[in-house]
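One-letter residues, chain by chain:
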Amino acid sequence: WHAALNKRLVSMEDAEDLLGMVHRELNGFDVLNTVTVINRLSRLPGARKLNRDPRALEVLYRIEAWLSRASAPGADKEGPEAVLPKHLASISIGLARLQWKDSPAGRIP
């Protein structure tokens, strides 16, 4: 399910369509799906203007939750919900491309 969802996310060509899918499917996303959304969004025209869109913010809140759980004592370091260094790098690259630093969306604790 998650691999198929990831393929759909990567194939999306419109930021509004991507965020519409996020709105419908976010509760089923795993770590990789969530990271993929940020990276795909960062490559789509018009995404920079969506820094205050509630759907984009929900993705960032989800990332914040993943990071909080990953840094907790006893966190799963190898399972399917583990946040790996490559995930952190992808999140950073996606946010850098979006240049959302002047908005609430650019401030993940």
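Our subject is the structure listed above.
Rules used throughout
Residues numbered from 1 in each chain as written. Predicted model: local features only at pLDDT ≥ 70, side-chain atom pairs only at ≥ 80, totals over all residues. Heavy atoms only, no water. Helix = DSSP H or I, 4+ residues; strand = E, 2+ residues; numbered from the N terminus. Rg over C-alpha atoms; globule rule 2.2 N^0.38 Å. Buried < 20%, exposed > 50% of the residue type's maximum accessible area, 1.4 Å probe, protein only. Contact = heavy atoms within 4.5 Å. Areas by Shrake-Rupley, 256 points an atom, 1.4 Å probe, with all protein chains shown as cover. Lys, Arg positive; Asp, Glu negative; His and termini not counted. Charge placed at Lys NZ, Arg CZ, Asp CG, Glu CD. Expected span 1.5 Å × (residues − 1). Salt bridge = Lys/Arg side-chain N within 4 Å of Asp/Glu carboxyl O. Core = buried A, V, L, I, M, F, W, Y, C linked by side-chain atoms within 4.5 Å.

With respect to the overall build of the chain
Here is step 1: Counting its secondary structure elements, the chain contains five helices and zero strands.
Here is step 2: In the chain, the order of α-helices and β-strands from amino to carboxyl end is α-α-α-α-α.
Here is step 3: At 13 Å, the chain has a C-alpha radius of gyration in line with the 13 Å of a compact globule built from 109 residues.
Here is step 4: Seen through its C-alpha atoms, the chain measures out along the principal axes to roughly 40 × 35 × 20 Å.
Here is step 5: Expressed as a percentage of its 109 residues, the buried residues of the chain come to 44%.
Here is step 6: In the chain, the proportion of contacts linking residues at least 24 apart, taken out of those at least 6 apart, comes to 75%.
Here is step 7: Summed over its atoms, the accessible surface of the chain is roughly 6,400 Å², and 55% of this surface lies on carbon and sulfur atoms.
Here is step 8: When the 16 basic and 13 acidic side-chain charges of the chain are each reduced to a single mean position, those positions are 5 Å apart.

Some details on helix H3 (residues 31-42)
Here is step 1: The terminal C-alpha atoms of H3 lie 17 Å apart, and with 12 residues this matches the ideal 16 Å at 1.5 Å per residue to within 8%.
Here is step 2: The element H3 is largely enclosed, with a buried count of 11 among its 12 residues.
Here is step 3: All buried positions along H3 are accounted for by Val 31, Asn 33, Thr 34, Val 35, Thr 36, Val 37, Ile 38, Asn 39, Arg 40, Leu 41 and Ser 42.
Here is step 4: Buried residues belonging to H3 abut helix H1 (2-11), helix H2 (15-25), helix H4 (54-70) and helix H5 (85-98).

Observations concerning the environment of Gly 20
Here is step 1: Its location among the elements puts Gly 20 in helix H2.
Here is step 2: Gly 20 gets classed as buried once you look at its relative accessible area, which sits at 14%.
Here is step 3: Between the C-alpha atom of Gly 20 and that of Ala 89, which follows or precedes it by 69 residues, the distance is 25 Å.

Section: the side chain of Asn 33
Here is step 1: As for its position among the elements, Asn 33 is in helix H3.
Here is step 2: With residues up to four places along the chain from it excluded, the contact list for Asn 33 reads His 2, Leu 5, Asn 6, Leu 9 and Gly 28.

Thoughts on the pattern of salt bridges
Any two side chains of opposite charge can pair, on the condition that their charged atoms come close.
Here is step 1: With the rule as written, the count across this model stands at three salt bridges.
Here is step 2: Taking the shortest distance from any N to any O, the salt bridge between Arg 40 and Glu 13 comes out at 3.4 Å. One end of the pair, Arg 40, is in helix H3; the other, Glu 13, is in the loop between H1 and H2, with 27 residues separating them in the sequence.
Here is step 3: The shortest N-O distance in the salt bridge between Arg 55 and Asp 53 comes to 2.8 Å. Considered together, Arg 55 and Asp 53 belong to a single accessibility category, that of buried residues.
Here is step 4: What you see here is one network of salt bridges that share partners, running through Glu 16, Asp 53 and Arg 55.

A short note on the nonpolar core
Here is step 1: Leu 9, Leu 18, Phe 29, Val 37, Leu 41, Leu 60 and Trp 100 are the most contacted members of the largest nonpolar core, which totals 29 residues.
Here is step 2: When contributions to this core are tallied by element, the ones reaching two or more residues are H1, H2, H3, H4 and H5.
Here is step 3: For this core, the leading source of residues is H4, giving six residues.

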